[in-house]
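Analysis of the macromolecular model
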Amino acid sequence: MSHDSVDKLVKMANQIGKFFVAQKHPEGVASMTDHLKKFWNPRMREAIIAHVDHGGAGLDPIAIEAVKRLGQRAGAAASGLRPGEGGADG
Amino acid sequence: MTLIKETDYGTPESKSEKLVTLTIDGKSVTVPEGTSIMRAAMEIGTEIPKLCAADSIKSFGSCRLCVIEVEGRNGTPASCTTPVAPGISVKTQTPRLAAIRRGVMELYISDHPLDCLTCAANGDCELQDMAGAVGLRDVRYGYDGANHVFARNNGEVNFDWKPKDESNPYFSYDPSKCIVCNRCVRACEEVQGTFALTISGRGFDSRVSPGMDEAFMESECVSCGACVQACPTATLIEKSVIAIGQPEHSSVTTCAYCGVGCTFKAEMRGEEVVRMVPWKDGKANHGHSCIKGRFAYGYAQHGDRILNPMIRESIDQPWRVVSWDEAIGFAADRLKAAQEKYGKNSVGVITSSRCTNEESFLVQKLARQGFRNNNTDTCARVCHSPTGYGLAQAFGTSAGTQDFDSVDDADVILVMGANPTDAHPVFGSRMKKRLREGAKLIVIDPRRIDLVRSPHIEADYHLPLRPGANVAMVTALAHVIVTENLVNLDFVKSRCDWDEYQEWAEFVSLPKNSPEAMQETLGVPAADVRAAARLYATGGNAAIYYGLGVTEHAQGSTTVMGIANLAMATGNLGRRGVGVNPLRGQNNVQGSCDMGSFPHELPGYRHISNDAARQAFEKDWGVALDPEPGLRIPNMFDAAIEGAFKGLYVQGEDILQSDPDTRHVSRALANMDIVIVQDLFLVETANYAHVFLPGATFLEKDGTFTNAERRIQRVTKVMSPKNGYADWEVTQLLANKLGLNWNYTDASQIMDEIARLTPSFAGVSFKRLEEVGSLQWPVNADSPDGMPIMHINGFARGKGKFVVTEYVPTDEKVGPRFPLLLTTGRILSQYNVGAQTRRTENSQWHPEDMLEIHPHDAEDRGVRDGDWVRVASRAGETTLRAKITDRVAPGVVYTTFHHPTTQANVVTTDNSDWATNCPEYKVTAVQVSTTNGPTDWQHQYRELTAQSRRIASTIDAAE
Ligand code: SF4
Ligand code: SF4
Ligand code: SF4
Ligand code: FES
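Keep in mind it's a predicted model, so treat the numbers as computed, not measured. (Residues numbered from 1 in each chain as written. Chains lettered and ligands numbered in written order. Predicted model: local features only at pLDDT ≥ 70, side-chain atom pairs only at ≥ 80, totals over all residues. Heavy atoms only, no water.)

Thoughts on the interface of chain A and chain B
Many analyses report the size of an interface as the accessible area lost when the parts associate. Across the boundary between the two partners, chain A contributes 32 residues, which contact 41 residues of chain B. Summed over both partners, the interface of chain A with chain B comes to about 2900 Å²; 51% of that surface belongs to carbon and sulfur atoms. Linking chain A to chain B there are 5 salt bridges. Glu-642 of chain B is the salt-bridge partner of Arg-43 of chain A, the closest N and O atoms lying 3.9 Å from each other. The tally of links between chain A and chain B comes to 8 residue pairs in polar contact (both at pLDDT 80 or more). Those elements that place two or more of their residues in the side of chain A that touches chain B are helix H1 (3-20), helix H2 (28-39) and helix H3 (42-53) of chain A. Among the elements that line the side of chain A that touches chain B, the one with the most residues is H1 of chain A, at 9 residues. Taken together, the residues that form the side of chain A that touches chain B break down as 11 nonpolar, 11 polar and 10 charged. (Contact = heavy atoms within 4.5 Å. Buried area = accessible area lost by both parts, 1.4 Å probe. Salt bridge = Lys/Arg side-chain N within 4 Å of Asp/Glu carboxyl O. Polar contact = N/O pair within 3.5 Å; in protein donor to acceptor, adjacent residues only side chain to side chain. Helix = DSSP H or I, 4+ residues; strand = E, 2+ residues; numbered from the N terminus. Nonpolar A, V, L, I, M, F, W, Y, C, P; charged D, E, K, R; others polar.)

Some words on the site of ligand 2
Residues in contact with ligand 2 amount to 13 residues; listed here are only the nearest, Cys-178, Cys-181, Asn-182, Cys-184 and Cys-231 of chain B. In the shell around ligand 2, the residues fall into 9 nonpolar, 3 polar and 1 charged. (Near = heavy atom within 4 Å.)

Thoughts on a nonpolar patch on the surface
A contiguous nonpolar patch, built from Leu-107, Val-139 and Tyr-141 of chain B and spanning about 280 Å² of accessible area, is present on the exposed surface. The partly exposed category is assigned to Tyr-141 of chain B, whose relative accessible area is 43%. (Patch = residues over 30% accessible without salt bridge, like charges linked within 9 Å, V, L, I, M, F, W, Y side chains within 5 Å. Areas by Shrake-Rupley, 256 points an atom, 1.4 Å probe, with all protein chains shown as cover. Buried < 20%, exposed > 50% of the residue type's maximum accessible area, 1.4 Å probe, protein only.)

What to know about the packing of aromatic side chains
Ring pairs (aromatic) are described by centroid distance and by the angle formed between their planes. By the definition in use, this model includes 24 aromatic pairs over all chains. Note on Phe-171 of chain B and Phe-216 of chain B: the rings are 5.2 Å apart at their centroids and 85° apart in plane angle, and the pair reads as edge-to-face. Placement of the pair is Phe-171 of chain B in strand E7 (residues 171-173) and Phe-216 of chain B in the loop between strand E9 (207-210) and helix H5 (226-230), with a sequence separation of 45 residues. Taking 5.2 Å as the distance between ring centres and 5° as the angle between the ring planes, the aromatic pair formed by Phe-395 of chain B and Phe-795 of chain B counts as stacked. Taken together, the residues Phe-395 of chain B in the loop between helix H10 (385-394) and strand E18 (412-416) and Phe-795 of chain B in the loop between strand E32 (774-776) and strand E33 (820-825) connect sequence positions 400 residues apart. The exposure classification of Phe-395 of chain B matches that of Phe-795 of chain B, with both residues buried. An aromatic cluster is present here, built from Phe-19, Phe-20 and Phe-39 of chain A together with Tyr-389 and Trp-914 of chain B joined pairwise through their rings. Between the NZ or CZ atom of Arg-447 of chain B and the centre of the ring of Tyr-894 of chain B, over which it lies, the distance is 3.9 Å. (Phe/Tyr/Trp six-rings, centres within 6.5 Å; stacked < 30°, edge-to-face > 60°. Lys NZ or Arg CZ within 6 Å of the ring centre and 35° of its normal.)

Quick notes on the site of ligand 1
Taken together, the neighbourhood of ligand 1 is formed by Phe-171, Cys-188, Leu-197, Phe-216, Cys-221, Val-222, Ser-223, Cys-224, Gly-225, Ala-226 and Cys-227 of chain B. Looking at the shell around ligand 1, its residues break down into 9 nonpolar, 2 polar and no charged.

Details of the sheet that holds strand E14 (residues 310-311) of chain B
All names here are of chain B. The strand order across the open sheet formed by 7 strands is E15-E14-E29-E28-E27-E16-E17, and the pairing between neighbours is mixed. Each of the sheet's edge strands pairs with one partner strand only, and the pair in question is strand E15 (320-321) and strand E17 (376-378). Two elements, E14 and E15, share 2 bridges in a ladder whose sense is antiparallel. From the neighbouring strand, Ile-311 faces E15, where its bridge partner is Arg-320. (Pairing = 2+ DSSP bridges.)

What about the pattern of salt bridges?
Residue and element names in this part refer to chain B. A complete count under the given rule lists 63 salt bridges over all chains for this structure. For Asp-409, the salt bridge identified is with Arg-576, shortest N-O distance 2.7 Å. Pair noted here: Asp-409 is in the loop between H10 and E18 and Arg-576 is in the loop between helix H19 (556-569) and strand E24 (579-582), with a separation of 167 residues, a long-range link. Of the residues examined, Arg-576 reaches a relative accessible area of 38% and is grouped as partly exposed. Bridged by salt links that share partners, the residues Lys-5, Glu-6, Asp-124, Glu-238, Lys-265, Glu-267, Arg-275 and Arg-294 form one connected network.

Focus on the confidence of the model for chain A
Residue and element names in this part refer to chain A. Averaged over all residues, the pLDDT of chain A is 77; the fraction at 70 or higher stands at 73%. For chain A, the element scoring lowest by mean pLDDT is helix H4 (residues 61-79), at 73; H3 scores highest, at 92. Scored below 50 in pLDDT, residues 75-90 shows 24 contacts in the model against residues more than four places distant or in partner chains. (pLDDT = per-residue confidence, 0-100.)

As for the side chain of Ser-912 of chain B
In this fold, Ser-912 of chain B is placed in the loop between helix H29 (904-907) and strand E38 (924-930). Of the polar contacts made by the side chain of Ser-912 of chain B, one reaches the side chain of Asn-917 of chain B; its length is 3.0 Å. With sequence-adjacent residues up to four places away left out, Ser-912 of chain B is seen in contact with Gln-15 of chain A together with His-553, Ala-554, Asn-917, Cys-918, Pro-919 and Glu-920 of chain B.

Quick notes on the nonpolar core
All names here are of chain B. Core analysis: the biggest nonpolar cluster contains 97 residues, and Leu-236, Ile-413, Leu-441, Leu-648 and Leu-669 have the highest contact counts within it. A per-element tally of this core places helix H22 (residues 633-642) first, with 5 residues. The residues touching Ile-413, leaving out its near neighbours within four places in the chain, are Val-407, Met-431, Arg-434, Leu-435, Ala-439, Lys-440, Leu-441, Ile-442, Ala-543 and Tyr-545. Among the nonpolar cores identified, the runner-up in size contains 61 residues, and Ala-327, Leu-548, Val-623 and Phe-761 belong to it. (Core = buried A, V, L, I, M, F, W, Y, C linked by side-chain atoms within 4.5 Å.)

Comments concerning unusual backbone geometry
All names here are of chain B. With an omega of 0°, the peptide bond running from Trp-777 to Pro-778 counts as cis. You can see Pro-778 is positioned in the loop between E32 and E33. At Asp-25, a residue that is not glycine, the phi angle is positive and equals roughly 50°. In this structure, Asp-25 sits in the loop between strand E1 (19-24) and strand E2 (27-32). Using a relative accessible area of 36% as the deciding quantity, one classes Asp-25 as partly exposed.

Right, dumping it as C-alpha cells:
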C-alpha cells in the first residue's frame, strides 16, 4: 500500500478509536477490534496490521492495541490465501 | 385494465370512536359521531349531488347543491356541513330538493362556457356530472348580462373576464371556467399547507387568484398539483390532458424520486402516460403528491436517453453502438480478465437506491455468487449508512421506528438536519398539518429552513448550530434532560440496559457537556438549548425526524446513536406519535440496504461472517460465499488508485457526480480496466466507462420499492421498455454470460427468492402486495401483516443500548485560509444529481445551483447578489453564483448539488464518518472570493465530457 492509503487508514483507525475510547462498557479496545473485523475488508486490515508491525506511527494507543489484537486473530486466516486472491492483493 | 376511480365521500373521515345510527332514504346506517350526512349517505352508496365538497378537505357549504331534508326539522340544510345525529331520518331526494338543485345548477351554467365537446375535462368534469345528476334540461338566463365567460360582451371589453394563466409548465388556469367552489384554495391550505391561493373579490366578482393577483409561477405556488386534483372543472387542469385527452386505463405504481414513496395512478392512453395522479389509498401519501412525482416524469421520453448498448476499448475513444450480445460479451470478458490477472477481489458492483429491491438483490447476488467476493456497495453508503449502523447498535434494527401516520399523534416534533418541505415534500405537508393543529416544533439546522417560518407555522425553537457540532448538540440536550431529572426512569429501567444507561447519564452530566460549556462550539445560546430539551422531554409525545444533515458528518453514526439515546431516555419509543425517524433521501434507500447491498452483510442485515445465514444462501445459490467483508465505495476507489481494483459494474448511480472529492473519484475510475455503467443517460460516471448498458425507467418495469417507513410497495410496468429490457433482465444477461445460469422470467420470482432467504421478508410476495397495497417489514410469522410501529414491547436487540457520545471536532476546521463552513442540501424541484429532473420543466424553478451567503460575509468579500464567486477548499475549487441571504448564519455558506457544471463535489473532501465511511458532505472549510467565471477545472471538465460523449455510429441513440 502507498503512503497515501496508509495515512488514510491511520486517520480512519484513529477516528474509530476516538469513539471507542469513550466507551467503558464493553471494553473499548475489544469493541474496536470487533468493529475492524466486521467492517474492514481483509485488504485494509492487513495493511493496518503491517503498519503496526512497523511501529504504527501516527496511531493512537487504543488503535494500536486494537490492531494488535486483530493481528492475533487474523493471522491464521490471512496466511491461507494465495497471492492474487483474497486479502493481500485483491 | 380499467381506469381506477376512487370513491369521494365528500367530507373527511371522523376519528370519533362513538357511533351514531340514523336513517337515510329509509336505510339505516351507523357511522362515527361527527360524520357529515353526505359521508354517511355515501357509505351506503347514496351519492348526494355536490360541487364544493371533497373528502380531502374540510366542508365549506357554499354551493348548496347537496341540500337534504331531515324529518321534523325545518329547511333544507347542506348535507356536507350537517353532522349526523342519533335517530334522525334523512331524505336525499324530494321534489323540493330537486327544484333547488336545478336552480343552483342553472345559475352555475349560465355563467359557464358551453364548450363541453371541446373542453379538456370532457368526461371528467363534476359540473357536467351534476348537470346530469340533477336533471338540468334548460337554462333560462342567457349570457347577455354580466359574465366571466367572454372577453367581450357585444363588442365592449368585459372587465369581469380574465385571460388564461399558462405560466406553470404543467397545468393551466382558465378563470372563465371557474365556479368559485373554493376547493383549490382549501386544498392548497389544508392538504399542501402552502396558502398560495386566495379568493379575491366578493360575490359575483370573486375569482381564484394565486398570491396577490400574480401568475402561478410568480406566486408562492410549489406546483404540488393538489389544487388541480381538487378542481371539479377544467379551470385547473394538467396541460398533458389538454394535449393528449382523457386517459382510458390506469395502474397503481410508486414514485421513483424520494423516500416518502408516494403511490400514484399512472393514467394512460395506450402506452402513453396522460398524467400521474396521487392514489388516495396510498398509505404513505393519502392522495397527495409533490411536483416531482406528479409532473416530472417527462425524462422518460427525453431525447438524451440512450436506448442502445455501447462499448469502447478505452475511454478516450468515441462510443460504438453494438448489439446487446456484443456489449454483454465484452463486459463479461473484461471482468473475467481482470479477475484472472488481479485476483478475485479486483472487481465489484455498486447498486443504486433508485433501483428496485429486485434489481439491488440481483446486483449483490452477482457479486457474491458470480465474482465470489463481497465487493458490493450502494449509494446509501453516501447518505444513510450511519442510520443503519447507529440504529442497529441502539435498537437492533437498521430502520426508522414509525409509520408516517404516527406524526398525527405527535405533540412535539424535533427536526434535525432535515428539510422536509423541500426534500420530503409530501411528508413535509403532513408535518405542517400537525403543526397547524398545535404541535410544537424544534428545528436544529444551521440554515433557516422553510419550516422554521411558514404560513401559520413558527418553530418554537430554531437552534442554528455550527455545521459539524451535531454530537455536541445531542449531548448538551441529554445533559439538560438528565441533570434536570427529566428522564423517564420507568421506561429506561424496564426497556434498556441499566449499566449502560448509568454510564451514559454520568457522561452527559459532566459539566463540559452542559449547553453553557458547549455554547461556543454550538454557536447557539445555552438558554435556547435548555428550553428545547425541556420541551422535548416534557411536551407529551415527542418524535424526532432527521436527515442527511445528521448522517453526512465525520461523527454521523455517533449523532444517530445520540438521537436514539434521547428517545430512550425520555421514553419516546414504541407507540404512536413518538420515535426516531430517518427521512431517507432516495426512493429506495431503505430497500437497497435491506437487500444486502452492503459489503459486510447479507439481505436482511445478517453479517457475512454469520455461518447460518451464509449457509442458507450457499445452499440456494450452490456456491461457497466469502465470509469476509468486501470493499465499501470509498475503499474501492482507494484500492483502484493503488492498482488493485480494476472492474466495476454500476447500476443506476452517478458516483462521479454524487460522491465527494470528484478528482479522487475520477482518478480511481480512470485506473480501471472495465467500468460498466447501466443508466438512462450518459451520466458523468459514463465519461470513464467502457460499457454503457441502457436502463429502463420506473414506468417500464415491475418491482418493489421500500420507503422510509419500511413500506414495501409495487412498481408497475405501464409501458414497454424503450431500451428493450428491464434493468433486472440486463443484470441477468450479464450474470449468465459469466456462467451463472439464472432463469428469472418475472420480477416476482426474484421477490420470492428474497422472501425465501430473508426472514424479515418471509411473508412478502407480489401477490400479497397486490392484495393489501403495501406491507411494512418485518413481515413474518410473528407479524404477518407487517409492523407499522416497531419496538412496542421491547427492542429488537433485547435491551435498548445507551452509547456514550463524545464530541470530536471534525478535521474540517476553519482557519485563515478557509474561514467559512460550506454545507450542502437540496431543493424541492430537483432531485439528487438532477439527471432526471434537469430533463424536465422542473428546471424552470431551479435552473442553477447558487451559493447562499450571509450579507456580512458577502460584504467583507465585496460579493454582490448574483455575482460569480469562487469557492475553494483544500480539495479543489469551483465557481457558481452567489445569493445573499440571512437564512444562513455568518460564517456558513450553503449550496445544492443538482447540476453537474457546479461540481460542488470538487470542493467536498474525503473526510468521512468513522463507522461507515459515509462522506462528510455537510462540512467543508472554504474560502469564497469574487471571480469572473468558471474555473479551469470546470472548462477542462466540460471538454472531457464533450469528448467522452461522442458516439461513432449511424444508429441514433435516441428518438
Ligand atoms: S399547485 Fe399546490 S402549491 Fe400551487 S396553488 Fe395548487 S395546491 Fe397550492
Ligand atoms: S379553480 Fe376549480 S377548484 Fe378552484 S374555485 Fe374554481 S372551480 Fe373551484
Ligand atoms: S418525490 Fe417524494 S414526495 Fe414527491 S411525489 Fe415522489 S415520493 Fe412523493
Ligand atoms: S357540496 Fe355541500 S354545499 Fe357544496
